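# Observations on the three-dimensional arrangement
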Amino acid sequence: MSLYQVNKLLRDANCNAELAQRCCTEPEAVLQNYDLTPEEREAIKNWQVRKLYDMGANPFLLLVYSMATGNDMRAYVKAINQPS
Amino acid sequence: MAEIVAGIATSHVPFMAAQPWGGVDEGQHGRVVAGLGEAQKLLEQARPDALVIFSTDHFDRCFYDNLPPFLVGVGEEAEGPVTNLSRLPKVKLKVAGDLGRFIVSEGLENGVDFALSQDLALDHAEVVPLSFLTPRWDLPIVPIVVNAFAPPMPSLKRCWQVGTFIRETVERWPEKKRIAVIGTGGLSHWVGPPETGRVNAEFDRWFLQCLVEGREAEVIAQYKKAEELEKVAGNGGQEIRDWLAVAGAMPTSLKPRVLAYEPIPQWVTGTGVMAWAGN
């Protein structure tokens, strides 16, 4: 069920530039608003994108979140191809 | 009675209308833009009064909390794009709410259970193609958002059937109006998974040829499951649903042809443009 919350966080940030910014500057404060497992929380905080993908997070949301939080697509493609 | 006077299907990758990522071959870019220019000319010649536009979402209008297979915009106006990493122009379009409401009510009475929205925003899936096809932004639209982005999705067969339903419904609409049908998305592309950037030109060319030859049934039979389609065309390739809906909506008097196809890994997309037009 909490995977829904992972996708929800990604989606919320993708639709709200201010929230995307807060994900970078105060991730703990943002993450506490979502019902996440400790593993999910750590993976988002440390932006372990391949791990989130392997856990079942939606890949489109992962890519857009990555760009919304300041990474370019080349960096994303590199990260998603590194085994978790 | 109303009639369908043209059909266009095209990719909607934002790079088409914004700054390309990583650069793109000028020849490829030029051929895509030329194809879109030809599509615009065909559309103008068909003199439509309104557009029915099948497009997809990108999680900016629908999410896992509310995920209709087919969502029709029936308000007065639609504005967008909602999310705008590509810095596209913000536009406001008139919605042909009378036709939209007719489609929804006819659907509910005849076996197509459309969801509706009186305040549907626009996504780049409409804004990018229409920036080329109707650059004066002067035609009212009926947006139909097809779930081609979040499983479970309607089958390819169902999308084609909904297209045929749109043709029958437009032809029953008691207004003397000329309607064009647009479909946006695809072709093959992987957006987010490890294969991001891959394009399957072989699949794309086969799919286009199937549409040109009226062999939609072959596509539908081959890819009954979304997972099977995703293997060869990527998660973005699911958007061929919108092309099949256009194909289903076309009367036999309108003939299909491909106006452009370019596999463009820099745009992360097999980029195509197709039209159905009279002689």
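Note: the structure precedes this text.
In short, a report on the structure. Keep in mind that this is a model prediction, so the values were computed, not measured.

### Regarding the overall build of chain A
Per the secondary structure count, chain A includes seven helices and zero strands. What you see in chain A, going N to C, is helices and strands ordered as α-α-α-α-α-α-α. Relative to its full complement of 84 residues, chain A shows a buried share of 43%. Residue pairs at least 24 apart in sequence account for 54% of intrachain contacts in chain A once pairs closer than 6 positions are excluded. Total accessible area on chain A stands at roughly 4,300 Å², and carbon and sulfur atoms take up 47% of it. Each charge class in chain A can be summarised by its mean position, and for the 9 positive and 10 negative side chains these summaries are 5 Å apart.

### Re the overall build of chain B
A tally of regular secondary structure across chain B gives eight helices and ten strands. What you see for chain B is a C-alpha radius of gyration of 17 Å, in line with the 19 Å of a compact globule of 279 residues. The dimensions of chain B, computed from C-alpha atoms along their principal axes, are 50 × 40 × 40 Å. Residue burial in chain B is summarised as follows: out of 279 residues, 61% are buried. The long-range fraction of contacts in chain B, counting pairs at least 24 apart against all pairs at least 6 apart in sequence, stands at 80%. When the accessible surface of chain B is split by element, carbon and sulfur atoms take 48% of a total near 10,900 Å².

### Some points on the side chain of S11(B)
All names here are of chain B. Note that S11 resides in the loop between β1 (3-10) and α1 (26-46). Among the residues examined, S11 registers a relative accessible area of 0% and is labelled buried. A distance of 2.8 Å separates a polar side-chain atom of S11 from the backbone oxygen of G186. Within the structure, the side chain of S11 is placed 2.9 Å from the backbone nitrogen of G272, a separation counted as a polar contact. Apart from the residues lying within four places of it in its own chain, the contact partners of S11 are M16, P129, G185, G186, L187, W243, T269, G270, T271 and G272.

### Section: a negative patch on the surface
All names here are of chain B. Together, E195, E227, E228 and E230 make up a negatively charged patch on the protein surface. Mapping E228 onto the fold places it in helix α7 (residues 226-233). The partly exposed category is assigned to E228, whose relative accessible area is 33%.

### Section: unusual backbone geometry
Residue and element names in this part refer to chain B. Cis geometry is adopted by the peptide bond preceding P81, which originates at G80 and carries an omega value of 5°. Considering the arrangement of structural elements, one finds P81 in the loop between β4 (77-80) and β5 (91-94). Here the amide bond leading from P151 into P152 is cis, since omega sits at 0°, within 30 degrees of zero. One can find P152 in the loop between β7 (141-146) and α4 (156-172). Here the phi dihedral of F59 falls at roughly 65°; this positive angle occurs in a residue that is not glycine.

### Structural notes on the layout of surface pockets
Residue and element names in this part refer to chain B. Estimated volume of the second largest pocket: approximately 160 Å³. Lining the second largest pocket we find 16 residues, and of these G214, E216, A247, M250 and W276 sit closest to its centre. Where the lining of the second largest pocket is concerned, the elements lending two or more residues are α4, α5 (201-212) and α8 (240-249). Per element, the largest residue contribution to the lining of the second largest pocket is three residues, and it comes from α4. Among the residues making up the lining of the second largest pocket, the classes are represented as nine nonpolar, four polar and three charged.

### Structural notes on helix α7 (residues 73-80) of chain A
Residues and elements named next belong to chain A. Every buried residue belonging to α7 is among M73, Y76 and I80, and all of these are buried. Across the axial projection of α7, the buried residues extend over an arc of 55°, all falling on one side. Its side-chain oxygen 3.2 Å from the backbone nitrogen of R74, D72 forms the N-cap of α7.

### Brief notes about the environment of F15(B)
Its location among the elements puts F15(B) in the loop between β1 and α1. For the pair formed by F15(B) and V128(B), sequence separation is 113 residues and the distance between their alpha carbons is 8.9 Å.

### With respect to the pattern of salt bridges
All names here are of chain A. One pass over the structure, following the stated rule, counts 17 salt bridges over all chains. Residue R50 pairs with D54 through a salt bridge whose shortest N-O separation is 3.1 Å. In this pair, R50 and D54 both sit in helix α5 (residues 49-55), four residues apart, roughly one turn of the helix. On the basis of relative accessibility, which here comes to 21%, the residue R50 falls in the partly exposed class.

What counts, and where the lines are drawn
- Residues numbered from 1 in each chain as written.
- Chains lettered and ligands numbered in written order.
- Predicted model: local features only at pLDDT ≥ 70, side-chain atom pairs only at ≥ 80, totals over all residues.
- Heavy atoms only, no water.
- Helix = DSSP H or I, 4+ residues; strand = E, 2+ residues; numbered from the N terminus.
- Buried < 20%, exposed > 50% of the residue type's maximum accessible area, 1.4 Å probe, protein only.
- Contact = heavy atoms within 4.5 Å.
- Areas by Shrake-Rupley, 256 points an atom, 1.4 Å probe, with all protein chains shown as cover.
- Lys, Arg positive; Asp, Glu negative; His and termini not counted.
- Charge placed at Lys NZ, Arg CZ, Asp CG, Glu CD.
- Rg over C-alpha atoms; globule rule 2.2 N^0.38 Å.
- Polar contact = N/O pair within 3.5 Å; in protein donor to acceptor, adjacent residues only side chain to side chain.
- Patch = residues over 30% accessible without salt bridge, like charges linked within 9 Å, V, L, I, M, F, W, Y side chains within 5 Å.
- Salt bridge = Lys/Arg side-chain N within 4 Å of Asp/Glu carboxyl O.
- 1 Å grid on protein atoms, 1.4 Å probe; cavity = no way out; pocket = protein on both sides within 12 Å on 5 of 7 lines; lining within 4 Å.
- Points joined across faces, edges and corners; volume = space filled by probe spheres on them.
- Nonpolar A, V, L, I, M, F, W, Y, C, P; charged D, E, K, R; others polar.
- Arc of directions from axis to C-beta.

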